[in-house]
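Fold and contact review
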Amino acid sequence: MKLKMAISVFVVCVLLTTFSCNQNTDEATSKDLLDKNGIDSSVKPQNDFFSYVNGTWIKNTEIPAAESGWSSFAILYQNTTLELKSLLDSCANLNAPKGSNAQKVGDLYTSAMDSAAIEQKGITPLKEDLQRIADIQTPKDVLHEVAVEYDLFGPKKSFVKDASHLINFNASQDEENSNIIIAHFDQDGLGLPNKEYYTKQDSSTINIRDAYVQYIAEIFHLSGDDIALAKKEAADVMKIENALAAASKSPVELRDPKANYHKMTLAELNQLTPNINWQQMAGYLNLKQDTVVVGQPDFYKALGNLLVSVPLNDWKNYLRFHLIDNYAPYLSTGFVNANFNMGKLLTGQKKIQPRWKRMVAFVDNQLSDALGQLYVAKYFPPEAKERILNLVNNLQATYKDRIEHLSWMSDTTKQKAIIKLNAIRKKIGYPDKWKDYSSVTITKDNLIQNYKNTGHFAYRYMMNKIGKPVDRSEWFMTAPTINAYYSARANDINFPAGILQPPFFYKDGDDAINYGAIGVVIGHEMTHGFDDQGKQYDANGNLKNWWLPADSANFRHKADLVVKQYNKSVVLDSLHINGELTQGENIADIGGISIAYEAFKKTDEGKSDKKIGGLTPDQRFFMAYAEVWRSKMRPENIRSRLLSDPHSAPMYRVNNPLSDMPAFYKAFNVVPGDKMYVADSLRALVW
Ligand SMILES: [Zn+2]
């Protein structure tokens with residue numbers, strides 16, 4: 001089930017996690033780029049700025065049936081997906097030279113769109129895999145199967161919904177020596193998004209859990225077991241997942257990088273988990289190194305015990321279910337529908353997305369750089385890169401000023417903060433060096449084999465990095481992605497070409513709009529280097545303290561105000577934002593808009609008081625910000641995000657940071673008694 005939100009134990013932060021998709025936003029230079037038609041003038045901007053700017057848009061917007069929500073991101077995603085579709089359609093019809101990127105993406109897309117062939121094959125493409133699982137004889141064979149599947153599906157990626165595995169084996173920078181890539185073993189193995197889905201006792205979570213067990217049974221039944229047997233097998237699989245969940249950390253506990261870092265040798269790991277032979281496991285994975293990082297040792301202790309205490313037959317069912325579930329979206333209709341019907345409980349989608357849309361996302365995920373290269377050549381103008389870089393540099397210089405003027409930090413720590421800020425590597429648009437897929441075979445007529453071939457490539461690519469110096473040019477998002485990220489280990493910020501378009505960035509837009517939209521995104525990502533997690537890493541990406549204790553205590557005090565502010569925010573019924581889970585993103589939002597505003601004030605427009613479209617430059621800046629966060633979501637999606645998403649709900653991404661900013665009070669004349677008004681001592685400005 002492709003349910004996992006893009007949350008990982010890596011300290012890499014994204015602007016948002018998922019999005020969805022209709023209508024075109026044409027860039028128009030002649031008219032005001034702000035959408036005044038979206039304003040709800042029955043709401044006072046001083047009481048609820050988000051609803052003032054977006055209220056009429058929200059009232060008039062119907063979420064498309066195949067979507068879990070509708071938003072500025074979704075609209076842009078829809079447009080970009082249509083561009084990718086047209087690229088893939090032309091590649092598919094091109095008869096491109098065999099072995100070229102165009103041939104590979106075109107044929108992968110053709111094989112994914114050939115629903116007649118897929119239907120006719122049913123589950124037979126998995127015959128060999130299912131036989132391999134049926135042949136399992138011992139607990140060590142279970143681990144062997146896990147390793148084989150890594151080679152089939154490839155590793156998990158940080159930002160996409162990926163195949164699930166019993167363990168999370170990945171190659172990433174060593175937190176204590178950020179120049180080297182080391183193998184990491186983290187917790188995993190759950191089909192539902194995280195531990196809380198297995199432990200919470202409210203009726204909505206219980207319903208999801210019950211539906212999940214039914215879904216497991218349905219997968220067994222679809223693959224040939226009678227209903228009674230399928231139900232029993234499903235209950236046994238759920239028992240394993242409940243035990244894994246009990247031994248797992250919660251999303252909040254995963255936010256502490258030090259507590260999730262345990263470097264050890266394989267011999268030490270053997271002592272920790274006597275039931276797992278780690279030298280043998282390393283052999284299965286083709287891992288040559290003797291020292292690894294274990295994220296959550298308690299998870300592996302529990303797994304070791306479960307491998308011998310749970311009947312082997314239940315393990316075989318567990319593996320069989322997850323294998324089929326991972327492939328379900330690419331098999332015949334019964335599997336696709338069962339998978340969708342489970343997923344929609346978490347997203348609220350009424351209808352499955354059209355096949356082309358799902359398969360464009362699949363090609364983007366599997367042959368990222370091949371498609372990305374074609375995409376930027378056609379859709380990303382080189383001059384955009386230059387203008388963005390200029391913006392990033394302005395923001396960075398402003399951030400430096402702000403650090404220098406902070407009242408709560410000593411000069412010693414300020415100097416270190418500025419060294420770290422200046423060391424941030426800026427990656428814009430797309431990688432300097434694209435991945436070479438020449439070893440990957442793709443044919444027009446075999447989707448599952450193509451999936452396996454691309455998974456095998458991704459796995460070998462990952463394995464080839466372990467023990468070697470870090471390739472700092474690598475990207476972890478694809479070029480068309482409508483998102484951005486900061487990596488604490490790399491100390492870099494990454495803005496894929498996808499997000500460098502309207503309504504985030506207008507190449508001919510006025511500065512108020514560009515600073516209020518993409519400027520805030522840039523400030524947000526830079527601030528991640530200094531949020532509750534990022535602050536623990538130094539300029540080189542090492543998990544190493546550079547703070548004087550008093551400065552750290554002052555930071556904590558400020559961050560606690562952020563946690564308190566967001567804990568009060570009610571999103572749905574009585575459900576609140578989890579201030580702890582979202583604190584890093586909230587600190588980044590508040591910092592991002594403060595820095596972007598100050599940088600905007602250095603531009604000609606920022607310095608002037610000339611109105612455009614009846615609005616002052618400051619008013620335009622804040623409205624542009626609120627507009628990019630316009631969003632309407634289904635309740636199921638809101639609930640899922642509250643449990644898993646480290647980002648706050650869009651309304652509070654707008655209203656809370658603005659309630660902290662003196663410039664907003666001035667621009668819209670907010671006074672005591674207004675709902676947006678927050679007493680000075682409670683304002684949560686960190687950076
Ligand atoms: Zn973020």
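On a predicted model such as this, the values are computed, not experimentally measured, just so you know.

The rules we used
- Residues numbered from 1 in each chain as written.
- Predicted model: local features only at pLDDT ≥ 70, side-chain atom pairs only at ≥ 80, totals over all residues.
- Heavy atoms only, no water.
- Domains from an automatic or database assignment.
- Buried area = accessible area lost by both parts, 1.4 Å probe.
- Salt bridge = Lys/Arg side-chain N within 4 Å of Asp/Glu carboxyl O.
- Polar contact = N/O pair within 3.5 Å; in protein donor to acceptor, adjacent residues only side chain to side chain.
- Phe/Tyr/Trp six-rings, centres within 6.5 Å; stacked < 30°, edge-to-face > 60°.
- Helix = DSSP H or I, 4+ residues; strand = E, 2+ residues; numbered from the N terminus.
- Buried < 20%, exposed > 50% of the residue type's maximum accessible area, 1.4 Å probe, protein only.
- Lys NZ or Arg CZ within 6 Å of the ring centre and 35° of its normal.
- Pairing = 2+ DSSP bridges.
- Axes fitted to C-alpha atoms, helices over the stretch in contact; angles between N-to-C directions.
- Contact = heavy atoms within 4.5 Å.

**Notes on the domain arrangement of the chain**
How big an interface is tends to be stated in terms of the accessible area lost upon association of its parts. Domain boundaries in the chain define domain 1 (23–63 + 380–433 + 473–682) and domain 2 (121–355). Computed from C-alpha atoms alone, the centre-to-centre distance between domain 1 and domain 2 is 35 Å. Carbon and sulfur atoms make up 50% of the surface buried where domain 1 meets domain 2, a total of about 2,200 Å² over both sides. Looking at the side of domain 1 facing domain 2, the largest losses of area belong to Arg 489, Leu 543 and Leu 643, adding up to 32% of the total buried there. Summed over the shared surface of domain 1 and domain 2, the result is 2 salt bridges. Where Arg 255 meets Asp 532, a salt bridge forms, and the shortest distance between an N and an O atom there is 2.8 Å. Here domain 1 and domain 2 share 15 residue pairs in polar contact (both at pLDDT 80 or more) between them.

**Notes on the packing of aromatic side chains**
Within the structure shown, the criterion is met by 47 aromatic pairs. Relative to Tyr 451, the ring of Phe 153 has its centre 5.7 Å away and its plane inclined at 75°; by these criteria the two rings are edge-to-face. Here the residue Phe 153 occupies a position in helix H6 (residues 139–153), and Tyr 451 occupies one in helix H19 (residues 447–463), the gap between them amounting to 298 residues. In this pair, the class of Phe 153 matches that of Tyr 451, namely buried. An angle of 85° between the planes, with centres 5.2 Å apart, marks the rings of Phe 621 and Phe 622 as edge-to-face. Three or more aromatic residues joined by ring pairs form one cluster here, namely Phe 49, Tyr 52, Tyr 515, Tyr 597, Phe 600, Phe 621, Phe 622, Phe 664 and Phe 668. Across the ring face of Phe 530, the terminal group of Lys 420 is positioned such that the distance to the ring centre comes to 5.5 Å.

**Let's talk about the sheet that holds strand S6 (residues 291–294)**
Ordered by their spatial adjacency, 4 strands build an open sheet running S3-S4-S6-S5, and the pairing between neighbours is mixed. The open sheet has two edge strands, strand S3 (168–174) and strand S5 (262–265), and neither has a second partner. The average angle at which neighbouring strand axes cross in this sheet is 40°, direction not considered. The pairing of S3 with strand S4 (residues 177–186) spans 7 bridges and is classified as antiparallel. Within S4, the residue paired with Ala 171 across the bridge is Ala 183. Across the sheet, helix H12 (residues 297–309) touches S3, S4, S5 and S6, and the angle it forms with S4 is around 35°.

**Some remarks on the pairing of S6**
Examined bridge by bridge, S4 and S6 share 2 bridges and lie parallel to one another. Residue pairing across strands places Phe 185 opposite Val 294, the latter belonging to S6. Sheet analysis places S5 next to S6, joined by 4 bridges and oriented antiparallel. Among the inter-strand pairings, Lys 263 is bridged to a residue of S6, identified as Val 293.

**What about the pattern of salt bridges?**
Here the structure, examined in full by the defined rule, presents 37 salt bridges. Across the pair Lys 357 and Glu 67 runs a salt bridge whose closest N-O atoms are separated by 3.2 Å. Taken together, the residues Lys 357 in helix H15 (residues 355–366) and Glu 67 in the loop between helix H1 (49–60) and strand S2 (69–71) connect sequence positions 290 residues apart. Overall, the relative accessible area of 2% leaves Lys 357 in the buried class. A residue is classified by how much of its surface remains accessible, and Glu 67, at 3% relative accessible area, is buried. Across the salt bridge formed by Glu 404 and Lys 400, the nearest N and O atoms sit 3.2 Å from each other. With Glu 404 and Lys 400 both in helix H17 (residues 382–404) and 4 residues apart, this pair spans about one turn of that helix. Classification of Glu 404 as partly exposed rests on a relative accessible area of 35%. In the salt-bridge network here, residues are joined through shared partners; they are Asp 32, Lys 36, Asp 510, Glu 605 and Arg 620.

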